[in-house]
Amino acid sequence: MILKTKTKSAGLVVAIALSLIMINNTPNSNAQAANTKQEISLYSNSDISSLDVSKVTDSNTFTQLDNVDEGLYQYDKNGKPKPALATKTIISNDKKTYTINLRKNAHWSNGDPVTAHDFVYSWRRAVNPDTASEYIYLLSNLKNAEEIAAGKKPINQLGVEATGKYQLKIQLNKPQAYFKMILARETLFPLNKKVVEKYGKSYGTSSNKAVYNGPFVNTGWNGSNSSWKLKPNPYYWDKKHVKLQQINYSVVKEPSTAYNLYQTNKLDQMTLVGEQAKQMAGDKDIVRRPLAATQYLQSNLKKGNGLENKNIRTAISLSINRKQITKRILANGSTPASGFVSQGLAKNPKTGKDFYKETYVKNTADYNPKLARKLFKKGLQQTGKKKIEITLLTTDIDTSKQVAEFIQGQIQSNLSKIKVTMKAVPANNRIAAVSKGDYDIVFQGWSADFADPYTFLQMFTTKSPQNHSGWSNTTYDQAIADSNNKDAANKQSRWNDMVLAEKTLLKNQGVTPLYRMNNEDLVNPKLKGILYNQVNGHYVYKNAYLTK
């Protein structure tokens, strides 16, 4: 997922600090929560993009959805799916048909029951070309999904149907070992057809133009303001376990501001980066969380400004000292990245070797200014250009700007005859610009949607709605197609396909990896019970509470 800067990492990633809080997974305690005001204050480093589950791509907003909505499954701290609205799942012998019974006591925040029809409506809407959801890859294995998305079949032929008010039948094209992980994703959450059709295109553009089925409801967001609240959903089926009575959110883009707010007890968490991370390294309030997320540069190959040349893109990559970014600017445990798929996400089913290490390609994401200058000179000759002028797009989050400024300086100091202008804009503007192709090169990030390399690699297939770079490679496309089709049931063959795809992506500089993200937060020690998913970096506050 795009990380709002993640850039997510929902992809479309994009940024340095994910919003929100990292704390110990302490069991909920009614006794400790009793007689204590259950109200906390958190921050996000970017605005809400939408409350429409079909439209969201960034990690900050995904976290909001995880707390106001709920799907068939939800993730535990290790990214493994566990039942939420699903009470029983029956999988056919050929692994292609799922029959799922839903709990009968789930309701929307307007009192309507949550039914199987709400899931059918939501999924059909997501694959409908008119919706233009960028996350339809999650549904691509449903029967007829790709044909519907291409406008070749009607949406009512999607492989999902309500076989009862509280029963779903799902038909897949082929077995998918991680399908339950997909069922936990926000894009597959239900939607209340009555409410969506009432507001039409404006659904989810403000708090009062949406309806919720999760532990909280969003209030006070008018679509453009930088503060809002989460309050308990009185119709939530498991409301007895919801202890927090209010979560106050505000958008804070500068780490120094967040630090001051935390020190004055106006925030219950803040993310540490840079000098603050160095100075607070031994603080007892620090909670460290790894994350399966990669920050990277993405070039637009359609502008004719030189970035369409592989040697020029590789030269830019080799001119950047990634260790300096992670040590000098971030200093929070983030590490240089030599690959796109995050380290620690998956292991070879036969040898146990990490995907990240198995796919390393020398001189694609290393620091090698000498080779960079050689390749840049060659690239200029190949394009017939004497110099290159490009704009580096980033978000206006303070840390993102610092990293982008460092990259700007590295490129210009190591490569002559290139001018880099930096442009910092609000995260939502960056997402919109990239989606329209209105950029030269962009600093952004992606966090895993689930624990499989495919969640990263699907982004850069030629026809992916998330591929806004114009990069296309037949070997890459075929490897991804093989992993999803002829090799889908063979773990080792599928693994080999994805290894080939990653190496192809790196060799051709389809993407320029920078670093693997890590989070270090200062957290109010009285705040307990929050669930943090270390795969996608989302936080769930359903069981959170303040001790006395």
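About the cut-offs
- Residues numbered from 1 in each chain as written.
- Predicted model: local features only at pLDDT ≥ 70, side-chain atom pairs only at ≥ 80, totals over all residues.
- Heavy atoms only, no water.
- Helix = DSSP H or I, 4+ residues; strand = E, 2+ residues; numbered from the N terminus.
- Rg over C-alpha atoms; globule rule 2.2 N^0.38 Å.
- Buried < 20%, exposed > 50% of the residue type's maximum accessible area, 1.4 Å probe, protein only.
- Areas by Shrake-Rupley, 256 points an atom, 1.4 Å probe, with all protein chains shown as cover.
- Lys, Arg positive; Asp, Glu negative; His and termini not counted.
- Charge placed at Lys NZ, Arg CZ, Asp CG, Glu CD.
- pLDDT = per-residue confidence, 0-100.
- Contact = heavy atoms within 4.5 Å.
- Phe/Tyr/Trp six-rings, centres within 6.5 Å; stacked < 30°, edge-to-face > 60°.
- Pairing = 2+ DSSP bridges.
- Axes fitted to C-alpha atoms, helices over the stretch in contact; angles between N-to-C directions.
- Expected span 1.5 Å × (residues − 1).
- Arc of directions from axis to C-beta.
- Parallel < 35°, antiparallel > 145°, perpendicular 65-115°, else oblique.
- Left-handed = near helix turned anticlockwise from the far one by under 90°.
- Nonpolar A, V, L, I, M, F, W, Y, C, P; charged D, E, K, R; others polar.

**Some words on the overall build of the protein**
The helix and strand inventory of the protein stands at 17 helices and 21 strands. Taken over C-alpha atoms, the radius of gyration comes to 23 Å for the protein, in line with the 24 Å a tight globule of 548 residues would show. When the backbone C-alpha atoms are referred to their principal axes, the protein occupies close to 65 × 55 × 45 Å. The buried share among the 548 residues of the protein stands at 61%. Accessible area for the protein stands at about 20900 Å²; split by element, carbon and sulfur atoms hold 46% of it. Taking the average location of the 77 positive side-chain charges in the protein and that of its 43 negative ones, the two points are 3 Å from each other.

**Re the confidence of the model for the protein**
Overall, the prediction assigns the protein a mean pLDDT of 91, with 94% of residues at 70 or greater. Ignoring residues within four places in sequence, the model shows residues 5-29, a span with pLDDT below 50, making 183 contacts including any to other chains.

**Quick word on the packing of aromatic side chains**
Evaluation of the coordinates by the stated rule reveals 17 aromatic pairs. Relative to Y515, the ring of F443 lies with its centre 6.5 Å away and its plane at 45°, an arrangement referred to as tilted. Here F443 is found in strand 16 (residues 441-447), whereas its partner Y515 is found in strand 17 (residues 512-523), with 72 residues between them in sequence. Using a relative accessible area of 0% as the deciding quantity, one classes F443 as buried.

**Brief notes about the sheet that holds strand 1 (residues 39-44)**
The 4 strands are arranged 1-10-9-8 in an open sheet whose pairing can be described as mixed. The sheet is open, and its two borders are formed by strand 1 and strand 8 (216-219), each paired with just one other strand. Adjacent strand axes in the sheet meet at a mean angle of 25° when their direction is disregarded. Direction of pairing for strand 9 (residues 227-232) relative to strand 10 (residues 246-251): antiparallel, over a ladder of 4 bridges.

**Some details on the sheet that holds strand 6 (residues 160-164)**
If you trace the 4 strands from one edge of the open sheet to the other, you get 4-5-7-6, paired in antiparallel fashion. At either end of the open sheet lies a strand with only one pairing partner, and these are strand 4 (86-91) and strand 6. On average, adjacent strands in this sheet sit at an angle of 20° to one another, irrespective of strand direction. Bridging between strand 5 (residues 97-102) and strand 7 (residues 167-171) involves 5 bridges; their strand directions are antiparallel. Note that in strand 7 the partner of I100 across the bridge is L168. Across the face of the sheet, helix 3 (residues 116-127) comes into contact with strand 5, strand 6 and strand 7 while running at roughly 170° to strand 6.

**Quick notes on helix 12 (residues 369-383)**
Helix length check: helix 12, at 15 residues, gives a terminal C-alpha distance of 21 Å against a target of 21 Å (1.5 Å per residue), a fit within 8%. For helix 12, the full list of buried residues reads P369, A372, L375, F376, G379 and L380. Viewed end-on, helix 12 has its buried residues packed into an arc of 145°, placing them on one side of the element. Exposed residues pointing more than 90 degrees away from the buried face of helix 12 are listed as K370, K374, K377 and Q381. G384 lies just past helix 12 and shows a positive phi near 75°.

**Re the packing of helix 10 (residues 322-330) against helix 13 (residues 398-414)**
At a closest axis distance of 11 Å, the pairing of helix 10 and helix 13 adopts a crossing angle of 140°. Classified by the angle between their axes, helix 10 and helix 13 sit oblique to one another. Of the two possible hands of crossing, helix 10 and helix 13 adopt the one that is right-handed. Contact with helix 10, carried on its side by Q324, I325, R328, I329 and L330, involves T399, Q402, V403, F406 and I407 of helix 13 and no other residues of that element. Per-class residue counts for the contact of helix 10 with helix 13 are 6 nonpolar, 3 polar and 1 charged.

**Considerations on the environment of T421**
Residue position: T421 is located in strand 15 (residues 418-425). For T421 and L392, which are 29 residues apart along the polypeptide, the C-alpha to C-alpha distance reads 6.0 Å. With residues near it in sequence (within four places) discarded, T421 still touches I390, T391, L392 and Q408.

**Some words on the side chain of N348**
Its place among the elements puts N348 in the loop between strand 13 (335-336) and helix 11 (355-358). Apart from residues lying up to four places away in sequence, N348 is in contact with K353, E358, Q492 and W495.

**A closer look at the pairing of strand 4**
Where strand 4 and strand 5 come together, 5 bridges link them in antiparallel fashion. Bridge pairing in strand 5 links I91 to Y98. Adjacent in sequence and paired antiparallel, strand 4 and strand 5 are bridged by 5 residues, among which K95 carries a positive phi angle near 65°.

**Points about the environment of F179**
Tracing the backbone through its elements, the reader meets F179 in helix 5 (residues 179-183). Since its relative accessible area comes to 0%, F179 is described here as buried. Distance in space between the C-alpha atoms of F179 and Y98 is 9.8 Å, their sequence separation being 81 residues. When residues no more than four places from it in sequence are discounted, the contact partners of F179 are Y98, L142, I170 and L172.

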